[in-house]
Structure formats: structure tokens, C-alpha cells
Amino acid sequence: MSCRSLNLLKNLARNANGSGIQTRSVTYMPRPGDGAPRAVTLIPGDGIGPLVTNAVEQVMEAMHAPIFFEKYDVHGEMSRMPPEVMESIRKNKVCLKGGLKTPVGGGVSSLNVQLRKELDLFASLVNCFNLPGLPTRHENVDIVVIRENTEGEYAGLEHEVVPGVVESLKVITKFCSERIAKYAFEYAYLNNRKKVTAVHKANIMKLADGLFLESCREVAKKYPSITYNEIIVDNCCMQLVAKPEQFDVMVTPNLYGNLVANTAAGIAGGTGVMPGGNVGADHAVFEQGASAGNVGKDKIVLENKANPVALLLSSAMMLRHLQFPSFADRLETAVKKVIAEGKCRTKDLGGTSTTQQVVDAVIAKLD
Amino acid sequence: MTMAAFLARRLLGNRSSQILGTSSSSSDAFISVARAFSSSTTPIKATLFPGDGIGPEIAESVKQVFTAADVAIEWDEHYVSTEVDPRTNSFLTWESLQSVLDNKVGLKGPMATPIGKGHRSLNLTLRKELNLYANVRPCYSLPGYKTRYDDVDLITIRENTEGEYSGLEHQVVKGVVESIKIITRKASMRVAEYAFLYAKTHGRKKVSAIHKANIMQKTDGLFLQCCDEVAKKYPEIYYEKVVIDNCCMMLVKNPALFDVLVMPNLYGDIISDLCAGLVGGLGLTPSCNIGEDGIALAEAVHGSAPDIAGKNLANPTALLLSGVMMLRHLKLNKQAEQIHSAIINTIAEGKYRTADLGGSSTTTDFTKAICDHL
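Scoring rules and cut-offs
- Residues numbered from 1 in each chain as written.
- Chains lettered and ligands numbered in written order.
- Predicted model: local features only at pLDDT ≥ 70, side-chain atom pairs only at ≥ 80, totals over all residues.
- Heavy atoms only, no water.
- Helix = DSSP H or I, 4+ residues; strand = E, 2+ residues; numbered from the N terminus.
- Buried < 20%, exposed > 50% of the residue type's maximum accessible area, 1.4 Å probe, protein only.
- Contact = heavy atoms within 4.5 Å.
- Areas by Shrake-Rupley, 256 points an atom, 1.4 Å probe, with all protein chains shown as cover.
- Pairing = 2+ DSSP bridges.
- Axes fitted to C-alpha atoms, helices over the stretch in contact; angles between N-to-C directions.
- Arc of directions from axis to C-beta.
- Expected span 1.5 Å × (residues − 1).
- Phe/Tyr/Trp six-rings, centres within 6.5 Å; stacked < 30°, edge-to-face > 60°.
- Buried area = accessible area lost by both parts, 1.4 Å probe.
- Salt bridge = Lys/Arg side-chain N within 4 Å of Asp/Glu carboxyl O.
- Polar contact = N/O pair within 3.5 Å; in protein donor to acceptor, adjacent residues only side chain to side chain.
- Nonpolar A, V, L, I, M, F, W, Y, C, P; charged D, E, K, R; others polar.
- Disulfide = S-S within 2.5 Å.
- Core = buried A, V, L, I, M, F, W, Y, C linked by side-chain atoms within 4.5 Å.

Participant: Help me out: how do you make sense of the overall build of chain B in this one?
Facilitator: The helix and strand tally for chain B stands at 13 helices and 12 strands. Considering chain B as a whole, with its 374 residues, one finds that 59% of them fall into the buried category. Taking contacts inside chain B between residues at least 6 apart in sequence as the whole, the part at least 24 apart equals 73%. Counting only carbon and sulfur atoms, one obtains 53% of the accessible surface of chain B, whose full area is about 14800 Å².

Participant: Would you explain the overall build of chain A in this entry?
Facilitator: Scanning chain A for helices and strands turns up 12 helices and 12 strands. Each of the 367 residues in chain A was classed as buried or not, and the buried ones make up 57%. Long-range pairs, those at least 24 residues apart, make up 75% of the contacts in chain A between residues at least 6 apart in sequence. In the form shown here, chain A has an accessible surface area of approximately 15500 Å², with 54% of it arising from carbon and sulfur atoms.

Participant: It is not clear to me how the sheet that holds strand β3 (residues 105-108) of chain B should be interpreted in this structure. Could you clarify?
Facilitator: Note on sheets: strands pair through backbone hydrogen bonds, and any given pair is parallel or antiparallel. All names here are of chain B. Read from one edge of the open sheet, 10 strands run β2-β1-β3-β12-β11-β4-β5-β10-β8-β9, paired in mixed fashion. The open sheet has two edge strands with one neighbour each: β2 (73-77) and β9 (238-243). Strand-to-strand, the axes of this sheet are offset by a mean angle of 25°, without reference to chain direction. Relative to strand β10 (residues 260-263), strand β8 (residues 206-211) runs parallel, the two sharing 3 bridges.

Participant: Explain helix α5 (residues 94-103) of chain B here, please?
Facilitator: Side chains that are three or four residues apart share a direction in an α-helix, a result of its 3.6 residues per turn. Residue and element names in this part refer to chain B. Here α5 has its buried residues at Ser96, Leu97, Ser99, Val100 and Asn103. What you see down the axis of α5 is that its buried residues fit within an arc of 155°, all on one side. Remark: Lys104 follows α5 within two positions and exhibits a positive phi of approximately 70°.

Participant: Just to check I follow, could you spell out helix α6 (residues 208-221) of chain A for this structure?
Facilitator: Between its first and last C-alpha, α6 of chain A extends 21 Å over 14 residues, near the 20 Å set by a 1.5 Å rise per residue. Judged by how many residues are buried, α6 of chain A sits mostly within the fold: 10 of 14 residues are covered.

Participant: Would you mind showing me how to read the packing of aromatic side chains here?
Facilitator: What describes a pair of aromatic rings is the distance from one ring centre to the other and the angle between the planes of the rings. Residue and element names in this part refer to chain A. Per the stated rule, a full pass over the model turns up 10 aromatic pairs over all chains. A centroid spacing of 6.4 Å and a plane angle of 80° characterise the contact between Phe324 and Phe327, whose relative ring orientation is edge-to-face. Here Phe324 matches Phe327 in class, with each residue buried. An aromatic cluster is present here, built from Phe185, Tyr189, Tyr223 and Tyr228 joined pairwise through their rings.

Participant: I'm lost on the side chain of Gln335 of chain B in this one. Help?
Facilitator: Along the polypeptide, Gln335 of chain B turns up in helix α12 (residues 333-349). Beyond its immediate chain neighbours, meaning those up to four positions away, Gln335 of chain B contacts Ala69, Asp70, Val71 and Leu327 of chain B.

Participant: For this particular structure, what's the right way to read the sheet that holds strand β12 (residues 284-288) of chain A?
Facilitator: Residues and elements named next belong to chain A. Across the sheet, 10 strands lie side by side as β2-β1-β3-β12-β11-β4-β5-β10-β8-β9; this open sheet has mixed pairing. In this open sheet, the two strands that pair with only one neighbour each are β2 (67-71) and β9 (227-232). Recorded for the sheet is a direction-independent mean angle of 25° between the axes of neighbouring strands. As paired strands, strand β4 (residues 123-129) and strand β11 (residues 275-279) are joined by 4 bridges and run antiparallel to one another. Within β11, the position partnered with Leu125 by the bridge is Gly277. Of the strands in this sheet, β8 (195-200), β9 and β10 (249-252) are in contact with α6, which crosses β9 at around 170°.

Participant: Which parts of the structure should I look at to understand the interface of chain A and chain B?
Facilitator: Often, the extent of an interface is quoted as the loss of accessible area upon association of its parts. Contacts between chain A and chain B engage 57 residues on the former and 46 residues on the latter. Of the roughly 4300 Å² buried between chain A and chain B on both sides combined, carbon and sulfur atoms contribute 64%. Broken down residue by residue, the surface that chain A buries against chain B is led by Arg137, Glu158 and Met238 of chain A, which jointly contribute 15%. Put simply, chain A and chain B have 1 salt bridge between them. Asp269 of chain B serves as the salt-bridge partner of Lys201 of chain A, at 2.7 Å between the closest nitrogen and oxygen. Along the contact surface separating chain A from chain B lie 19 residue pairs in polar contact (both at pLDDT 80 or more). Looking at which element gives the most residues to the side of chain A that touches chain B, the answer is strand β7 (residues 165-173) of chain A, with 9 residues. A class-by-class count of the residues in the side of chain A that touches chain B yields 26 nonpolar, 21 polar and 10 charged. Here β7 of chain A runs beside strand β7 (residues 176-184) of chain B; their pairing, made up of 9 bridges, is antiparallel. Looking across to β7 of chain B, one finds that Ser168 of chain A is bridged to Lys181 of chain B.

Participant: Looking at this structure, I do not really get unusual backbone geometry. What am I missing?
Facilitator: Peptide bonds are trans in most cases, and residues, glycine excluded, mostly fall at negative phi. Non-glycine residue Asn192 of chain A carries a positive phi angle of around 55°. One can find Asn192 of chain A in the loop between α5 (174-190) and β8. We note that Lys104 of chain B has phi near 70°; this positive angle belongs to a residue other than glycine.

Participant: Hey, could you run me through the state of the cysteines in this one?
Facilitator: Note on terminology: a disulfide is the covalent bond linking the sulfur atoms of two cysteines. The full count for this structure, using the stated rule, is 0 disulfides over all chains. Not engaged in a disulfide, the cysteine Cys227 of chain B finds its nearest cysteine sulfur in Cys226 of chain B; these two sulfurs lie 6.9 Å apart. On the basis of relative accessibility, which here comes to 0%, the residue Cys227 of chain B falls in the buried class. A disulfide-free cysteine, Cys248 of chain B has its sulfur positioned 5.7 Å from the sulfur of Cys237 of chain A, the nearest such atom. We classify Cys248 of chain B as buried; its relative accessible area is 0%.

Participant: Would you mind showing me how to read the pairing of β2 of chain A here?
Facilitator: Side-chain direction in a regular strand flips from residue to residue, so the side chains alternate between the two faces of the sheet. Across 5 bridges, the pairing between strand β1 (residues 38-43) of chain A and β2 of chain A is parallel. From the neighbouring strand, Val40 of chain A faces β2 of chain A, where its bridge partner is Phe69 of chain A.

Participant: What exactly am I supposed to notice about the nonpolar core here?
Facilitator: Soluble globular proteins: nonpolar side chains tend toward being buried together. Counting residues in each nonpolar core, the largest one holds 126 residues, and the members touching the most others are Met60, Ile67 and Leu331 of chain A. Ranked by residue count, the leading element in this core is helix α8 (residues 254-268) of chain A, at 9 residues. Not counting the four nearest positions on each side in its chain, Ile67 of chain A is found in contact with Arg38, Val40, Met60, Met318, Leu319, Leu322 and Phe324 of chain A. Counting 74 residues, the second largest nonpolar core, distinct from the first, contains Ile44, Val71, Ile155 and Val191 of chain B.

Written out as C-alpha cells, the structure is:
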């Protein structure tokens, strides 16, 4: 998918002087009625969430995209997701979400985790890549981190054995490991990716991560054209910092996936620009790829300096998921052009623009 | 207080409180000072585990540099045996372990754990028997050796005994495995105390506790609680709490934001290797394990590199820098500084570098260059 849009971008760049000859990709033939507007649940969330979801709403409006949003107000301090929100997501099957701030320390279990568990969104996907025109310390980064989203260290099973001694259970099951491995290989196959790397710590956690690796190896056998290898998580982080170009698709259990995704996002440009989403058998929730904890940073909200690029690119992913490829391509090219130009960038990318200015620039670049 | 510490306190007079640290510091501070007194007359005994592969060559390097710098250390060498010692249930003999317990200080090269069943990993044996509770790894950019990051200067302190690496796993039913992560107040307090003491004695301004307490509320919550309590005793040090995914992101974007990091076992493993990657890899990273009763075992964390063993190509920097850490622990700061500057200058000059740093010198040439720089 990203290869196609990069080609499109190259073509557009070549024709930038207005030679008038547009190269178009071969037609996508929809079924009759596919153009009917689709409902998408929208959860602005906390902190910068409302700012960036508003950005998406504006751009969708400007493109006349065949989707309309059903907005719901949810905040991180709520103990449960309101039932009407869950019903809406179940009906629409697709949701776009800003961040939900999880209070640190105790009492309330994270709403993000609750949402994933209830809808069984077992795969979390983050696409980390260098954006043309955005200088970073590392080149040639194009990594997709696919992370198991429901079990592992985030099972939430903790208890105090005696005062001063606490246990937390990490649960790994063959069922979940197998389905995430299957999803990772399927993703690689459908997106023309050449290599899948499994990240683990099976030299220490022999049974738990060993089970995860076993499942990956079994699935790898069914895809002989895709290269499969394994790497220990501490070595993986070191390699990401030194030679990120060696990685393509990475499949990981829950905790390592969180760390690897954030590290990869950091080396490729920051969490402000990386798209991502969570997908299950029946539902999909799109949000910013990696979390930077900026959800709660009031200063960014007050000054309107939140970076909308990540959520805009995630909404492009969502448009593809809904089978509206040309809208997705238009949105992506507009965003990439704005970044490549370098005139309109928010603070985290080294610029001084506000969120609104970036949105306006993107809308101006839509063709 | 021990007799030696009491004497030390009287002899040091009114500077004693400064040198010996706060009253809540662990006994290792006292023993270190008492030991420093004995160094002026008799050499200090330290255990040396050359290890496997390139171990013996780089250990030889260390011995040469230390002799050239007039460090009064008597090395007590021990090798990993080829048979399992029934008293320790591993390839490390009882005598080796006793030697470290007696000498209280040691230097360890890379040890390759033989693959097989029925015996404990060597590193695990050392850790459990010597009760090494904190792993300290300073990561700083080496001037003259350019990596993508130039302004790294941080220290990772990792809890070394419990957490996710307790080794308690079992299969519940077929296809379902549980692994238990344990956090205790005792271990968390111990490592937090050490982290703040280290920060204070080395003049560091900030300590960051790394956690994932928004998800693992009770376990990492307990760890954070302990860090909070210790932080209150050191009001002059800035204390912050950072969620681990944030931390990873900030480290790769701007490592200058961090100073001292303290964390539980698993996060420590990953973050310390990530930081090593920022400055040039495991071949350049020193490390020191701190145990109860003032035991310090400095070690080189890279592998034994069997493919270049015996060819005089190995880079001794990691083991040398670990040796420097050991000297600082023994309060032999003058010589530690001398050797440290010699190493930094040799690498910065660029004339003598081993293959992994992009040069073509042999181990012996590199070592000689360092001795010349002293």
C-alpha cells in the first residue's frame, strides 16, 4: 500500500512543474452502492485528542469523503466505557480515537486496554517510516510493528501476596500467539513485505516466550516466500538504534511490542507522525501509532501545537480499510507534500505552526 | 559499626560525614573507606574471572594497564571449570565464589554458558550466590568515536534479582503458560537507596524512575512507592517518574534528557542495552554489579566472541572501563581517572583502534597505546 502511494508521490513530484500529464493508477472498480456514506464512531478523548480529531473532521469535510462521524465524549477517568459508545462501535465496525489518558498509580484500569479487550482487537499495528523531507538521525526506516494486544504482561492479573510482596501474572496462550503470528504473516503477504522478525526473551522466559516463538515458527512454515527470523528484545532495541534498516515487519507479544513500537517511532520521526491502529476479527479502531504521554500535556493543548499528522495518516489507513482507496491516496499525498515542503510543521518536528495551520496547509494541498 | 569503620571515622575527622555519605547509606561505604586505607600499605586482593573466548586476552590487557598505572591490586584468578561442581550446581567452583565473597571485589570477563540442561546459567549462579542486587551501567558518548548521538551521559541502574526474571513459569493447561513477575518492597527499596546514593556521591542531579504503573498498577506501583520514599530523603536531587514507552521514545530522540535511571529488572535489561546501542555497542560499555555487604563485581557485558578468540583482535575497552568502575568503587579515584583519561585519549586520537571501532590495531597495540598515554 505504501509502495503505491510513494510511486504516486514520485509521479506527482516529476509532474510538479505542471506538465499537465497525470499518471493515474489502473481503475478501482467499486460495487454499486459502495459510495454510500459510512458511519464511523469518533472518540475525541482527552488532552490533545479533541484537537487532532477535529483536524481529521475538517480534512474529511474538505475532501467530501463518504464517511460521517458519530461523536462520543469519553474521558480517561471514567471507570468503564459507556455502553452507548460500545454499541455504536459494534454497529459501525470502525472507530477513530484520539488519546485517552490513563491515570497512573491505581484504581482505574486503562480504558484503552478495556476497549481492546472487549472488542477483541488482538492486533495493534504501528507503521514507522521516514517521511521525505523530515530529517532524522536514521535513514531507510520502514518498519511495521505488529503487537499482540490482549494478553501477555497486560493481562491485569495482580495481587499482593503478603504486604510488601506483589505478584503479576504474564499469560501467554497458544491461541493468541497463533492468531497474532497469522495476522503478521498475512499482513506481510498482502502488503508485499519480505521479512517478519519475532521479538522475544525466550532465553530467560523459556516457557512463556518459548510458546510464542513456537507459534510463530509454525505459521512461518506456511509462508515460504517470506523470510522469518527471531531476535531477543534487548538486542533488538540496540539494533534499532544502530541499524534500523534491517527490520521490516516485527511481530511481538504485548509489552515488548509497546517498547519496540515507541523506539521505532522515535527513530523515524517521533510519535507525532506515526499512524497505527488496532484490529480484530470484526472491528477496527484507528488511533495514533505510538503513545508519547502527550495526551495529558496541557501546554500543548493550550497553545494548539499538537501534531495532527499521525491521526491524519491513521485516518488514511482507515479509509483504505473501508475500501475508499483514492480518498486515502489523496489524503496521504497531501500530508506528505506538506511535510516535504517543510514550511508548516508543529513544534515536535522543529517548526512553529499550530495544529490549525497544518490542517489548512493539508486542505490547500488536496487535489 | 565495624572496628575498621570506627577507626576510619575518627581518623578522617570532620570530613568523615562527607566521605562516608549520609547515615542511611549502606555498609558498603564504610568498608570501601576502610579498604582504601589498607591500599597504601598492602595490595588489595581482587578476584579476576578472565572468562572464555576473548576473555583471557582482554584480561591480560587489563593487568598490563593496571600495572603500568601502579595500581596496587593483587589478582586472584579463577577460571570456569569444565565440570559441574556439585556444591554450586554449576561450572563455577565453590572456591571461585568464596574468593569473591572474601575479597569483596572482582572483575569478570565474558562467560559463555554451555548449552545443555541440568545446571544453572553462570551469570545466574553469580547473581544468586553473591546476592548482586543492582546492575550499574554508565553510558556516555566517547569523544572521538562518532555515533549518531553525541551528547549521551547517563547511568542505568537496574534491579537485578527479581521482577520478570524470577524464573517462575509453568504450564497451566496445554497451550496456556503463566510467568510470574514478582516485586518486593525489600528489593525495590534496596535498589532505590543505591540509586540515590550513587547519584549523590557522583554529583548527579536527576534520578528518573522508569515504570509501567498505569497498566501494572500494583507491581510497578510498589516499585514507584519505594522510589518515592527514598526520594524524599534526598531533596537536593530532582526526581521524576517516566513511563517506559515514553522513556524509549525520549531516549532515541534526545538522550540528554536523562541522567540517572532506576528501574526493575526487565525494563532495565532493555533500556540498558538500548543506551549501550546509543554510544557504540556492548564492546564499549562498562558495567558493575553491586551486592550486599559491599560486594562489587565489575563485568564486561559483551559476548565471548569465539570467532576472534586467540587472534589478538579483541577490543578490551569494555573490560578496561569496567576495571575503572571497580577502582572508583574502591575509592582509588586518582588512578581510576588516570586510566580513564588514557583510554578516552587513545580512542579520541584515532591512531590505534581495534577492528570493531573501524581501525586495524591489535589488542596488544591498543593496550600499549593506553599505557603510553598514562
